[in-house]
Amino acid sequence: MRWSKTFIPTMKETPADAEVPSHQLMLRAGLIRQLMAGAYTYLPLGWRAIRKAEAIVREEMEAADAAEIFMPALQPIELFERTGRKEAFGDVLINFEVPRGGRKVHLALGPTHEEVVTDLIARQVSSYRQLPLILFQIQTKFRNEERPRFGVLRTSEFLMKDAYSFGTGLEQLDESYEAMYRAYCRIFARTGLHCIPVEAESGPIGGDASHEFMAPSPNGEDRIIRCSSCSYAANLERADTGRQASSMDAPETMADLKKEATPDVSSIEQVRKLLECDPSQMIKTLIYSADDKPVAVLVRGDREVNEGKVRRALNASDVALADKETVLRVTGAPIGFAGPVGIDCEIIADHDIADLVDAIAGANEADTHYTGVNIGRDYQLETTHDLRDADAGDPCPRCEGTLELVHGIEVGHVFKLGTKYSEALDATYLDEKEKRHPIVMGCYGIGVNRIIAATAETSHDENGLIWPLSIAPYEVLVIPLDIKSEEVMQVAGRYDEELRAAGVDVLFDDRKARPGVKFKDADLIGIPLRVVIGGKGLKNGEVEVKWRTADSPDMVPVAEGVQDILNRLAARRAEESANVPN
Ligand SMILES: [Zn+2]
């Protein structure tokens with residue numbers, strides 16, 4: 001492709017409203033342009049990169065025996081009403097009424113396709129003989145993002161690969177999940193994007209039933225806890241810690257239990273100011289309703305309760321903060337004055353709590369707190385649990401190592417759904433004995449444009465983008481220095497032609513521009529290998545060949561240049577695929 005014929009509007013200046021490197025560089029390198037908040041046009045370079053990532057995704061899905069389909073983005077709202085997701089999505093679901101033949105039809109733009117694909121399977125699959133089955137598509141999804149930001153990292157419209165598995169039971173679900181998990185590891189390795197699978201909140205199936213694929217990046221919106229010694233990694237909601245229960249006995253020396261008047265002071269911050277203490281000395285007591293039973297949950301004042309952990313510790317199916325009336329009933333006080341001393345309900349406490357000496361806690365009495373609260377004397381516990389969010393410095397749950405907190409960009413998610421959608425939409429099958437069961441499902445997503453954005457975010461230098469060969473918009477950039485020289489254009493044209501004939505994606509910079517401009521743009525758009533033809537080099541019978549990341553070019557005889565480039569590309573491809581797991 002000739003630069004003059006394609007459309008690469010590069011920019012010298014960094015756009016003021018672009019906060020993160022990927023957004024800045026994708027704009028500056030002419031990959032994208034914004035239409036409105038959360039909606040972008042992909043220009044030729046950006047779209048070529050997307051298409052390459054998409055091709056890798058498609059190949060690996062098919063290699064894992066997933067069959068490609070294409071479902072409508074327009075969906076009847078009724079399907080979302082049947083699964084309860086119209087309410088669950090709320091404003092995120094873009095939906096509207098359109099007039100059709102004198103009546104109104106209520107439609108939604110698909111945020112995902114569980115409903116549509118389950119409805120399809122409900123109508124077409126009836127026997128265990130038709131299972132297992134994995135279907136996938138690559139399609140635009142719509143979500144009304146409250147705050148679209150960071151360029152194409154968070155948009156209202158995005159390209160997603162979504163796959164759905166259908167099986168007779170947990171065994172087939174596990175097999176499909178494994179196949180998708182392995183395919184994802186191969187996909188991200190092939191695209192050159194460093195991704196780690198992290199455990200995620202698992203929903204109804206429980207156990208090891210959900211993983212997110214995260215590209216570690218300081219600007220990522222997701223928080224990941226990982227071990228510095230072993231492979232343990234989980235998102236913040238899911239991450240366990242290796243902390244242990246300490247003694248539930250009273251400390252050897254302790255202060256007296258004392259009531260303090262704390263009028264209208266109910267938050268941790270207000271108590272900290274009034275009583276001049278540190279939040280790590282306070283007991284935060286939150287009243288939850290677990291399957292309609294009140295439970296007091298204790299964590300240290302500087303920590304956050306992790307509701308998933310509370311739910312698992314109580315073996316409850318539903319856990320939510322209790323309402324005002326319940327709090328008043330079990331504590332005898334309005335919200336903000338609960339504490340473990342004399343409370344009238346079950347207590348569960350985080351491990352940190354047993355280590356507190358002379359703590360401060362609510363007194364279960366309006367406008368009153370206790371100081372000098374001590375376990376074993378003022379309240380009793382049989383054991384403690386891991387109930388708070390993990391944090392950097394906590395011990396690893398799997399080894400002797402220490403956990404660290406990093407940020408990441410979520411690019412993929414695999415999830416064991418179970419029968420939520422098949423039950424709501426009547427997707428059932430008959431077994432060998434003609435007995436009917438709901439089909440057991442899994443779902444598997446990849447944000448295709450996030451692969452590109454995360455690559456831009458994590459692979460660049462001060463001069464521009466650095467593409468891996470596998471998803472680079474072009475593999476080789478041919479730069480003739482003087483387009484008015486017949487000799488230069490003849491050699492450059494031959495390189496372009498022969499490389500393309502060998503199956504290489506070539507961009508030919510035929511612009512009438514100063515070499516300095518061409519080199520700056522070359523670094524900015526980040527094509528992996530560049531060949532410069534002309535000037536002193538050509539007079540000496542040589543061309544300059546340079547990797548985007550190399551400090552200086554290699555001089556190669558004109559006659560050997562094309563073969564040299566092909567050899568380099570083959571070696572780099574082999575290098576990139578050496579990292580791909582089987
Ligand atoms: Zn570890």
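Residues numbered from 1 in each chain as written. Predicted model: local features only at pLDDT ≥ 70, side-chain atom pairs only at ≥ 80, totals over all residues. Heavy atoms only, no water.

Digging into the overall build of the chain
No. 1: Scanning the chain for helices and strands turns up 16 helices and 30 strands.
No. 2: By principal-axis analysis of the C-alpha atoms, the chain measures approximately 95 × 65 × 50 Å.
No. 3: Every one of the 582 residues in the chain was classed for burial, and the buried ones make up 52%.
No. 4: When contacts within the chain are restricted to residue pairs at least 6 apart in sequence, long-range pairs at least 24 apart make up 70% of them.
No. 5: Accessible surface for the chain amounts to roughly 26700 Å². Of this, 47% is attributable to carbon and sulfur atoms.
No. 6: Measuring between centres, the 68 positive side-chain charges of the chain sit 7 Å from its 94 negative side-chain charges. (Helix = DSSP H or I, 4+ residues; strand = E, 2+ residues; numbered from the N terminus. Buried < 20%, exposed > 50% of the residue type's maximum accessible area, 1.4 Å probe, protein only. Contact = heavy atoms within 4.5 Å. Areas by Shrake-Rupley, 256 points an atom, 1.4 Å probe, with all protein chains shown as cover. Lys, Arg positive; Asp, Glu negative; His and termini not counted. Charge placed at Lys NZ, Arg CZ, Asp CG, Glu CD.)

Notes on the coordination of the zinc ion
No. 1: For the zinc ion, the full set of protein donor atoms is Cys-227 (SG), Cys-230 (SG), Cys-396 (SG) and Cys-399 (SG), and the range of their distances to it is 2.2 to 2.3 Å.
No. 2: Taken together, the four donor atoms coordinating the zinc ion span angles of 101 to 115° at the metal, a pattern that classifies the geometry as tetrahedral.
No. 3: Here the donor residues for the zinc ion map to a single chain with the spacing C-x2-C-x165-C-x2-C. With Cys-227 in strand β11 (residues 222–227) and Cys-399 in the loop between β19 (368–373) and β20 (403–418), this pair connects stretches of sequence that are 172 residues apart.
No. 4: Overall, the relative accessible area of 6% leaves Cys-227 in the buried class. (Donors = N, O, S within 2.8 Å, 3.2 Å for Na, K, Ca; no water. Tetrahedral: all angles 85-135°; square planar, octahedral: opposite > 155°, others 65-115°.)

Some details on the packing of aromatic side chains
No. 1: One pass over the full model with this rule turns up seven aromatic pairs.
No. 2: Pairing Tyr-177 with Tyr-444 gives two aromatic rings, centres 6.3 Å apart and planes at 55°, and the pair type is tilted. With Tyr-177 in helix α6 (residues 170–191) and Tyr-444 in strand β23 (residues 440–447), this residue pair connects regions lying 267 residues apart in the sequence.
No. 3: In this structure Tyr-177 comes out as buried when scored by relative accessible area, which is 4%.
No. 4: Between the aromatic rings of Phe-188 and Phe-213, the centroid separation amounts to 5.6 Å while the plane-to-plane angle is 35°, which identifies the pairing as tilted. With Phe-188 in helix α6 and Phe-213 in strand β10 (residues 210–216), this pair connects stretches of sequence that are 25 residues apart.
No. 5: Connected via pairs of aromatic rings, a cluster forms that spans Tyr-181, Tyr-184, Phe-188 and Phe-213.
No. 6: Sitting over the face of the ring of Tyr-177, Lys-416 holds its NZ or CZ atom 4.8 Å from the ring centroid.
No. 7: For the cation-ring pair, Arg-511 lies above Trp-3, with the distance from its terminal atom to the ring centre recorded as 3.8 Å. (Phe/Tyr/Trp six-rings, centres within 6.5 Å; stacked < 30°, edge-to-face > 60°. Lys NZ or Arg CZ within 6 Å of the ring centre and 35° of its normal.)

Side note on helix α13 (residues 486–501)
No. 1: With 16 residues, α13 extends 22 Å from end C-alpha to end C-alpha; this agrees with the ideal 22 Å at 1.5 Å per step.
No. 2: Every buried residue belonging to α13 is among Val-488, Val-491, Ala-492, Gly-493, Tyr-495, Asp-496 and Leu-499, and all of these are buried.
No. 3: Of the residues trailing α13, Gly-503 is marked for its positive phi of about 90°. (Expected span 1.5 Å × (residues − 1).)

A few points about the side chain of Asp-521
No. 1: If you trace the backbone, Asp-521 turns up in helix α14 (residues 515–525).
No. 2: Overall, the relative accessible area of 9% leaves Asp-521 in the buried class.
No. 3: One polar contact links Asp-521 to Thr-10, side chain to side chain, over a distance of 3.2 Å.
No. 4: Residues within four places of Asp-521 in sequence aside, it is in contact with Trp-3, Thr-10 and Arg-511. (Polar contact = N/O pair within 3.5 Å; in protein donor to acceptor, adjacent residues only side chain to side chain.)

A short note on the sheet that holds strand β6 (residues 103–109)
In a beta sheet, neighbouring strands pair by backbone hydrogen bonds and run either parallel or antiparallel.
No. 1: Taken in spatial order, the three strands line up as β4-β6-β5 in an open sheet, and their pairing is antiparallel. Each edge of the sheet is formed by a strand with only one pairing partner; in this case those strands are β4 (74–76) and β5 (95–100). Taking the axes of each pair of neighbouring strands and ignoring which way they run, one obtains an average angle of 45° across the sheet. (Pairing = 2+ DSSP bridges. Axes fitted to C-alpha atoms, helices over the stretch in contact; angles between N-to-C directions.)

A closer look at the sheet that holds strand β13 (residues 258–261)
No. 1: Reading across the sheet, the three strands line up as β13-β19-β18 and stay open at both edges, with antiparallel pairing between neighbours. Sheet topology places β13 and β18 (359–362) at the edges, where each strand pairs with a single neighbour. Neighbour-to-neighbour, the strand axes of this sheet turn through a mean angle of 30°, independent of strand direction.
No. 2: As paired strands, β18 and β19 are joined by three bridges and run antiparallel to one another. Residue pairing in the sheet places Ala-359 in a bridge with Val-373 of β19.

Some details on the packing of helix α2 (residues 44–63) against helix α12 (residues 448–458)
No. 1: Interaxial distance between α2 and α12 falls to 9 Å at its minimum, and their mutual angle equals 120°. Comparing their axes, α12 and α2 come out oblique. Crossing of α2 against α12: the hand is right-handed. Along its contact with α2, which presents Ala-49, Ile-50, Ala-53, Glu-54 and Val-57, the element α12 presents Val-448, Asn-449, Ile-451 and Ile-452.
No. 2: Here the residues of the contact of α2 with α12 sort into seven nonpolar, one polar and one charged. (Parallel < 35°, antiparallel > 145°, perpendicular 65-115°, else oblique. Left-handed = near helix turned anticlockwise from the far one by under 90°. Nonpolar A, V, L, I, M, F, W, Y, C, P; charged D, E, K, R; others polar.)

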